[in-house]
Amino acid sequence: MTLSLAVSPCPNDTFVFHALVHGLIPGTPEVNLTFADVDVTNTAAERGEFDLVKVSYAALPWLLDDYELLPTGGALGRGCGPLVLARDEDRDLTGATVAVPGDRTTAYLLFRLWAEQTGQRPGKIEVVPFHQIMPGVADGTYDAGLVIHEARFTYQRYQLVALKDLGEWWEADTGLPIPLGAILAKKGVVDPAAATEWIRNSVSMAWANPAASHDFILANAQEMEPDVVKQHIELYVNEFTLELGRDGLAAADALLQRSAAAGLTPAVKPFL
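Right, let's walk through the structure included here. Predicted, not measured: the structure shown is a model, and the values here were computed from it. (Residues numbered from 1 in each chain as written. Predicted model: local features only at pLDDT ≥ 70, side-chain atom pairs only at ≥ 80, totals over all residues. Heavy atoms only, no water.)

## Let's talk about the overall build of the chain
And step 1. For the chain, the helix and strand inventory stands at 11 helices and 11 strands.
And step 2. Projected onto the principal axes, the alpha-carbon positions of the chain cover approximately 55 × 40 × 30 Å.
And step 3. Out of the 272 residues in the chain, the part that is buried amounts to 55%.
And step 4. Carbon and sulfur atoms make up 49% of the accessible area of the chain, which totals about 11,500 Å². (Helix = DSSP H or I, 4+ residues; strand = E, 2+ residues; numbered from the N terminus. Buried < 20%, exposed > 50% of the residue type's maximum accessible area, 1.4 Å probe, protein only. Areas by Shrake-Rupley, 256 points an atom, 1.4 Å probe, with all protein chains shown as cover.)

Laid out in structure tokens, this is it:
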């Protein structure tokens, strides 16, 4: 058996999956790895293209008929939410053009929930490759941009300001961690219990020997500096990566139930 796996090239994913991808866990199948941004994996998973896949929690309503959520390997946490960036700290987003990294990303879903609550409804949304968002806001192509991951550490280089930390807003509103990226296993193809064990072992091995994945991470980190890579891993690989637990599942439920109630996503059965 060869297992197809799709994750992002971001340091948290390469750190978590290094041992599994490189055959370091006894009894695991060979892994055929594909790197792709989450907007791509969200769409690919809807077509059933991968056996194991990292997707946005916001995309789950379209995927749970064919995939099962695994309780490990994903990206949840506190203090790690998406940022709304602009050139001017007083910028009102009503009628603005906003660049987002994907229309079914958790970042965009949080943005839509926040915009509805505050009444700052943009005039135009453009889906833009992640690496083009900050330069596009800086040069005036977009009035604002929605960013994730390492942009938390680098946006000031573009002379941009954070209009809103959507993670802080979410945590203050719900008391729950931010559910960003989920790991799904294809039903009828992957045994979810076995896959959960493989990924947990991979996470544990990464923590036990961080140096082992160093070269693999940097080779795929899209020119990120080593100190930014380190901050990125420390922020996004945490206790929820090893085990979602009740708080993690409650966070997923809160996001998806709120979005369904607002008419933004189809309704799904709660996890808890």
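That covers the picture; the talk isn't over yet.
## Remarks on the sheet that holds strand β9 (residues 144-147)
And step 1. Taken in spatial order, the 5 strands of this open sheet run β8-β7-β9-β6-β10, and their pairing is mixed. The outermost strands of the open sheet, each flanked by one partner alone, are β8 (124-127) and β10 (161-165). Sheet twist, expressed as the average angle between the axes of neighbouring strands with direction ignored, equals 25°.
And step 2. Relative to β10, strand β6 (residues 83-86) runs antiparallel, the two being bridged by 4 bridges. When the bridges of β10 are listed, L85 appears paired with A162.
And step 3. Packed on one face of the sheet, helix α3 (residues 106-118) meets β6, β7 (97-100), β8, β9 and β10 and runs near 130° to β9. (Pairing = 2+ DSSP bridges. Axes fitted to C-alpha atoms, helices over the stretch in contact; angles between N-to-C directions. Contact = heavy atoms within 4.5 Å.)

## Points about the pattern of salt bridges
And step 1. One pass over the structure, following the stated rule, counts 12 salt bridges.
And step 2. Where E225 meets R157, a salt bridge forms, and the shortest distance between an N and an O atom there is 3.0 Å. Of this pair, E225 sits in the loop between α8 (214-219) and α9 (226-236) while R157 is found in the loop between α5 (151-154) and β10, placing the two residues 68 residues apart along the sequence.
And step 3. Residue classification places E225 among the partly exposed positions, given a relative accessible area of 33%.
And step 4. Classification of R157 as partly exposed rests on a relative accessible area of 48%.
And step 5. For E234, the salt bridge is made with K230, and the minimal N-O distance between the two is 2.5 Å. Of this pair, E234 and K230 are both found in helix α9, 4 residues apart, which corresponds to roughly one turn of the helix. Pair check on accessibility: E234 and K230 agree, each one exposed. (Salt bridge = Lys/Arg side-chain N within 4 Å of Asp/Glu carboxyl O.)

## Things to note about the nonpolar core
And step 1. With 66 residues, the main nonpolar core has Y57 and F111 as its most contacted residues.
And step 2. For this core, the element with the highest residue contribution is α3, accounting for 8 residues.
And step 3. With sequence-adjacent residues up to four places away left out, Y57 is seen in contact with L69, L76, T106, P179, L180, G181, A182, L244, A252, L255 and L256. (Core = buried A, V, L, I, M, F, W, Y, C linked by side-chain atoms within 4.5 Å.)

## Some remarks on helix α11 (residues 245-261)
For an α-helix the count is 3.6 residues per turn, leaving residues at separations of three or four pointing the same way.
And step 1. Helix length check: α11 (17 residues) gives 24 Å between terminal C-alpha atoms against 24 Å at 1.5 Å per residue, within 8%.
And step 2. Buried positions along α11 lie against β5 (75-77), α3, α6 (166-174), β11 (178-186) and α10 (239-242).
And step 3. The first or second residue beyond α11 is G263, which carries a positive phi of 75°. (Expected span 1.5 Å × (residues − 1).)

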